[in-house]
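Residues per chain, in single letters:
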Amino acid sequence: MIRVLNVYYPIRKLILLVGEALIVLGSLLLGAWLAHPDDFYIVMNYDGGIPKILGATALVLLCSHWFDLYDTALANTKGEMYFRLLLVPALLSFGLAAVSYFRPEDNLLRNGSSEFGLLILTTGLIGWRIGFGWLVQLPILVERIYVLGTGDRALRLVQGLRQNPELGVEVASWTGKMEGAVTRDSVAAHLMEVVNHQRVHRVIVAMPDRRGTIPMRELLDLRMHGVKIEEATSWLEKMSGKIEVESLNPSWLIFADGFRRGSVFIVVRRALSIIISLFGLIASAPLWPLVMLLVKLDSPGPTFYSQQRVGKYGKTFNVIKFRTMRQDAEAASGPQWAGKNDPRITRVGRFLRSSRLDEIPQLWCVLKGDMAFVGPRPERPEFVEMLTRDIPFYGVRHMVRPGLTGWAQIRYKYGSTVQDAIEKLQYDLFYIKNASIGLDLLIMFQTIKTVLLRRGAQ
């Protein structure tokens, strides 16, 4: 796996993306050449042809991303994948038609060549997907792995490796398949038997209790013969984008890479939050009177809703939102999470939540410095007290400013249970460990997709 913007990406996924970018770029260039065979060089270099082609390529890749065409979970649903793939050139054709109608001088594919260009693009995209599926199955591109361990953690690792073919690995075997008692000698015998009969490139150690069972001498011998030896925690983190708290210990938090906060990062991150919040407040200003009117007409009560939340270092602050619930929503029940189809949510409130318009006033909290634009979701003090008591390391998430959006928000659904809080904490820990400006920008980009597709809100 390759680390980009402090996030781990499978090499195969990057190959798929780069290959597709080249296919799109080549198809559009060929289509433009068919449209301008005599003055192609002039059009490309002096009439803005290259920026237009690059912009169209970026648009195609963006559409592919929004259609989840780089989501490997859809790799086995070929029919759906190819249907979504065909939607991309279809949208591009509408875009070219709009350009031809409003600004015909800017259309690089004209004189009937747009049809050829779109046909080339469609054929190229489908052909690349078919070729990529064949390419990744070649034995030379598959790495064989032995998982040294038993129990739930090792099983999760084995299942994760097998369910993510884009990683380019094959689980040759694991300790959980061996018969008889699990002792140091039996584990060593099973490990060496698999290594001797199959070409194993890597051993991942996922032992729940290493004392007395881990075959250190055999592992050292394998290491000296070129077999890579790694610990399961890093692999689980890379695959899932979260840090499991179940097997986490304080020493790992102390000695693990990451969790760094340089002064330059802090200043740049704060500057970005100020710029984005100011822009967001100004751009959304025309919406405020309309939203306020809808809230007032839909149910009695104030337009805005202020509530205490826990911020950086456990300091509380008041978060401001457009009101989406009845005024007496917690009069009888007290503090509680919003659930699916929550009867306390008003009709307008349900729309505001699904579109995230209710969170616009929080930009003021970002501007003031109570929040950042990216960070863990701010939680209520009543819930923080309970979750800190029940969930190990929950307080770590308060080492940074809470955010309007965050890694947990784009990777996991809206949480309404303690188990959901545990899952979101694991994503928050990953973000805090790997925080960077690049990761913040990636989260912002993914947030746009999440908001447009209305995912995760309740």
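Rules and cut-offs
Residues numbered from 1 in each chain as written. Predicted model: local features only at pLDDT ≥ 70, side-chain atom pairs only at ≥ 80, totals over all residues. Heavy atoms only, no water. Helix = DSSP H or I, 4+ residues; strand = E, 2+ residues; numbered from the N terminus. Polar contact = N/O pair within 3.5 Å; in protein donor to acceptor, adjacent residues only side chain to side chain. Contact = heavy atoms within 4.5 Å. Axes fitted to C-alpha atoms, helices over the stretch in contact; angles between N-to-C directions. Parallel < 35°, antiparallel > 145°, perpendicular 65-115°, else oblique. Left-handed = near helix turned anticlockwise from the far one by under 90°. Pairing = 2+ DSSP bridges. Buried < 20%, exposed > 50% of the residue type's maximum accessible area, 1.4 Å probe, protein only. Expected span 1.5 Å × (residues − 1). Arc of directions from axis to C-beta. Phe/Tyr/Trp six-rings, centres within 6.5 Å; stacked < 30°, edge-to-face > 60°. Lys NZ or Arg CZ within 6 Å of the ring centre and 35° of its normal. Salt bridge = Lys/Arg side-chain N within 4 Å of Asp/Glu carboxyl O.

Asker: Any details on the side chain of K433? Residues and values, ideally.
Answerer: Residue position: K433 is located in helix α17 (residues 418–434). Within the structure, the side chain of K433 is placed 3.2 Å from the side chain of E237, a separation counted as a polar contact. With residues up to four places along the chain from it excluded, the contact list for K433 reads E237, I243, W252, A256, D257, G258 and F259.

Asker: An account of the packing of helix α6 (residues 151–162) against helix α9 (residues 232–240) is requested, with residue identities and associated values reported.
Answerer: Two elements in contact, α6 and α9, have axes separated by 11 Å at closest approach and are oriented at 45°. Here α6 is positioned oblique relative to α9, judged by the angle of their axes. For the pair α6 and α9, the crossing hand works out as left-handed. Where α6 approaches α9, its residues R153, L157, G160 and L161 are matched on the opposing element by A232, T233, W235, L236 and M239.

Asker: Explain the sheet that holds strand β3 (residues 143–148) to me, and be specific about the residues and the numbers.
Answerer: With respect to topology, four strands assemble into an open sheet ordered β4-β3-β5-β6, the strand pairing being parallel. The outermost strands of the open sheet, each flanked by one partner alone, are β4 (169–174) and β6 (228–231). Averaged over all neighbouring strand pairs, the angle between strand axes comes to 30°, with direction disregarded. Note that β3 and β4 share five bridges and pair parallel. Looking at the pairing, Y146 lines up with S173 of β4. Relative to the sheet, α9 contacts β3, β4, β5 (202–205) and β6, its axis offset from that of β6 by approximately 75°.

Asker: Explain the side chain of E237 to me, using residue names and the numbers behind them.
Answerer: Note that E237 resides in helix α9. Accessibility expressed as a relative area gives 4% for E237, which makes it buried.

Asker: I'd like a rundown of helix α12 (residues 287–298), residues and numbers included.
Answerer: An ideal rise of 1.5 Å per residue puts 16 Å on twelve residues; α12 measures up with 17 Å between its terminal C-alpha atoms. Regarding α12, the residues found buried are V291, V295 and D298. Within α12, the buried residues cover an arc of 75° as seen down the axis, which keeps them to one side. Exposed positions of α12 whose direction lies more than 90 degrees from the buried face are P289 and L297. Check the buried side of α12 and you find it contacts β8 (316–322) and α13 (347–355).

Asker: Describe the pairing of β8, listing the residues and the values that go with them.
Answerer: Taken together, the seven bridges between strand β7 (residues 304–310) and β8 define a ladder with antiparallel strand orientation. Its bridge partner lying in β8, V310 is registered against T316. Hairpin geometry of β7 and β8 is characterised by an intervening segment of five residues between the two adjacent antiparallel strands and by a positive phi of about 60° at Y313.

Asker: Talk me through the packing of aromatic side chains; I want residue IDs and the actual numbers.
Answerer: Going through the model one piece at a time under the given rule, you end up with six aromatic pairs. Here the aromatic rings of W288 and F304 are separated by 5.9 Å at their centres, their planes lie at 50°, and the arrangement is tilted. Here W288 is found in helix α12, whereas its partner F304 is found in strand β7, with 16 residues between them in sequence. We classify F304 as partly exposed; its relative accessible area is 32%. Ring geometry for W288 versus F322: centroids 5.4 Å apart, planes at 70°, classification edge-to-face. Note that W288 is positioned in helix α12 and F322 in strand β8, a separation of 34 residues in sequence. One aromatic cluster is present, built from ring pairs that chain together W288, F304 and F322. The residue whose ring lies beneath K238 is W235, and the NZ or CZ to ring-centre distance is 5.5 Å.

Asker: I'd like a description of the pattern of salt bridges, backed by residues and values.
Answerer: Scanning the entire structure with this criterion turns up 18 salt bridges. E231 is the salt-bridge partner of R153, the closest N and O atoms lying 3.6 Å from each other. Taken together, the positions of R153 in helix α6 and E231 in strand β6 put the pair 78 residues apart, joining distant regions of the chain. Linking E382 and R380 is a salt bridge whose minimum nitrogen-to-oxygen distance equals 3.9 Å. The exposure class assigned to E382 is partly exposed, which follows from its relative accessible area of 40%. Residue classification places R380 among the buried positions, given a relative accessible area of 9%. What emerges from the salt-bridge pattern is a single network uniting R184, D185, R217 and E218.

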